[in-house]
Amino acid sequence: MSLHINADKNEVADTVLMPGDPLRAKYAANKFLENAICYNEVRGMYGFTGTYKGKRITIQGSGMGQPSIGIYAYELMNFFDVENVIRIGSCGAVQPEIELRDIIIAMTASTNGGNNKNTFKGMDFAPNANPDLFLKTINKAEEMKLNYHCGNILSSDNFYDDDPEIWKLWARFGILGIEMEASMLYTLAAKFKKRALAICTVSDSIVNETLLSSEEREKSFDEMILLALETSLEL
Ligand code: HPA
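Residues numbered from 1 in each chain as written. Predicted model: local features only at pLDDT ≥ 70, side-chain atom pairs only at ≥ 80, totals over all residues. Heavy atoms only, no water.

1. Focus: the overall build of the chain
Part 1 of the reasoning: When helices and strands are tallied, the chain shows seven helices and ten strands.
Part 2 of the reasoning: A compact globule built from 235 residues would reach a C-alpha radius of gyration of about 18 Å, and the chain, at 17 Å, matches this within 12%.
Part 3 of the reasoning: Considered along the principal axes of its C-alpha atoms, the chain spans approximately 45 × 40 × 30 Å.
Part 4 of the reasoning: At a minimum sequence separation of 6, the contacts of the chain that also span at least 24 residues come to 77%.
Part 5 of the reasoning: For the chain, the exposed surface amounts to about 11,200 Å²; the carbon and sulfur share of it is 52%.
Part 6 of the reasoning: Within the chain, the 32 negative side-chain charges are centred at a point lying 5 Å from the centre of the 23 positive side-chain charges. (Helix = DSSP H or I, 4+ residues; strand = E, 2+ residues; numbered from the N terminus. Rg over C-alpha atoms; globule rule 2.2 N^0.38 Å. Contact = heavy atoms within 4.5 Å. Areas by Shrake-Rupley, 256 points an atom, 1.4 Å probe, with all protein chains shown as cover. Lys, Arg positive; Asp, Glu negative; His and termini not counted. Charge placed at Lys NZ, Arg CZ, Asp CG, Glu CD.)

Quick look at the structure:
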């Protein structure tokens, strides 16, 4: 039991998939887990535990943005002692060769947020994915013949940035896509000596000015959930 997750410790599995949207947690649990039980409804941030091919898996919504995932990931790692957290999110691509529905597997996550600047007293911390989780996911993506890219993403604290051109600076330095959660997740995994990975489907291209329809969004979300679930079988 923690402040924002109203569950007993044994109701949450060792491996947790985290979509931003709690309704996506519900959708994924209903569609892919057997015997899924909803253990949390506090603030509508649904969490479900069930089994996938016999393996116990939790799917917990994180909410949008670093402060929100910061609360849920902190509680999962510190109070529920989970070992693996895989964010299953969406992002906007900033490299022209990255297409809608492609999957980005985040090796590292930069941020324009100030949290780590405060924690590390003005110095820079480089939040990174767990290497084992990262490699296992790449191998699985190859096996599943998915279109994927690996590299650095930006966890932005603004969806609506005051400078609408700022993404170009990040793109020049090789950032693949922009989302809003991974950097905080990786930082917490480092703090608590847990394993984390963020994978995102490309829901929009900021550089090509294209956008997935809701139907296509669902299809690409399914592919990404399966990638995360199949990887989870090896953890
Ligand atoms: N910006 C930030 N977060 C996002 C985006 C975006 O363009 N697309 C999906 N998540």
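2. Details of the site of the ligand
Part 1 of the reasoning: By nearness alone, every residue bordering the ligand is listed as Ser90, Cys91, Gly92, Phe159, Ile178, Glu179, Met180, Ser203, Asp204 and Ile206.
Part 2 of the reasoning: Contact between the ligand and serine 90: a nitrogen atom at 3.5 Å from a main-chain N or O atom of the residue.
Part 3 of the reasoning: A distance of 3.3 Å separates a nitrogen atom of the ligand from a polar atom in the backbone of glycine 92.
Part 4 of the reasoning: The fraction of the free accessible surface of the ligand (260 Å²) that becomes covered by protein chains is 85%.
Part 5 of the reasoning: Taken together, the elements giving at least two residues each to the shell around the ligand come down to β5 (84-93), β8 (177-179) and β9 (195-205).
Part 6 of the reasoning: With three residues, β5 is the single largest residue contributor to the shell around the ligand. (Near = heavy atom within 4 Å. Polar contact = N/O pair within 3.5 Å; in protein donor to acceptor, adjacent residues only side chain to side chain.)

3. Things to note about the pairing of β5
Part 1 of the reasoning: Most of β5 sits out of view: nine of its ten residues are buried.
Part 2 of the reasoning: Two elements, strand β1 (residues 15-18) and β5, share four bridges in a ladder whose sense is parallel. Pairing of threonine 15 across the sheet is with asparagine 84, part of β5. (Buried < 20%, exposed > 50% of the residue type's maximum accessible area, 1.4 Å probe, protein only. Pairing = 2+ DSSP bridges.)

4. Quick look at the pattern of salt bridges
Part 1 of the reasoning: Under the criterion given, the structure shown has 13 salt bridges.
Part 2 of the reasoning: With a shortest N-O distance of 3.3 Å, lysine 194 and glutamate 83 are connected by a salt bridge. With a gap of 111 residues between them, lysine 194 in the loop between α6 (182-192) and β9 and glutamate 83 in the loop between α2 (66-78) and β5 connect regions that are remote in the sequence.
Part 3 of the reasoning: Owing to a relative accessible area of 12%, lysine 194 belongs among the buried residues under this scheme.
Part 4 of the reasoning: When the shortest N-O distance is used, the salt bridge between arginine 101 and glutamate 223 registers 3.5 Å. You can see arginine 101 sitting in the loop between β5 and β6 (103-111) and its partner glutamate 223 sitting in helix α7 (residues 214-232), a full 122 residues away along the chain.
Part 5 of the reasoning: For arginine 101, a relative accessible area of 25% translates into the label partly exposed. (Salt bridge = Lys/Arg side-chain N within 4 Å of Asp/Glu carboxyl O.)

5. Let's talk about the environment of alanine 29
Part 1 of the reasoning: When you line up the elements, alanine 29 lands in helix α1 (residues 22-32).
Part 2 of the reasoning: Here alanine 29 falls in the buried class, since its relative accessible area comes to 1%.
Part 3 of the reasoning: With 124 residues separating them along the chain, alanine 29 and isoleucine 153 place their C-alpha atoms 27 Å apart.
Part 4 of the reasoning: Excluding residues within four positions of it along the chain, alanine 29 makes contact with Ala36, Phe48 and Ile59.

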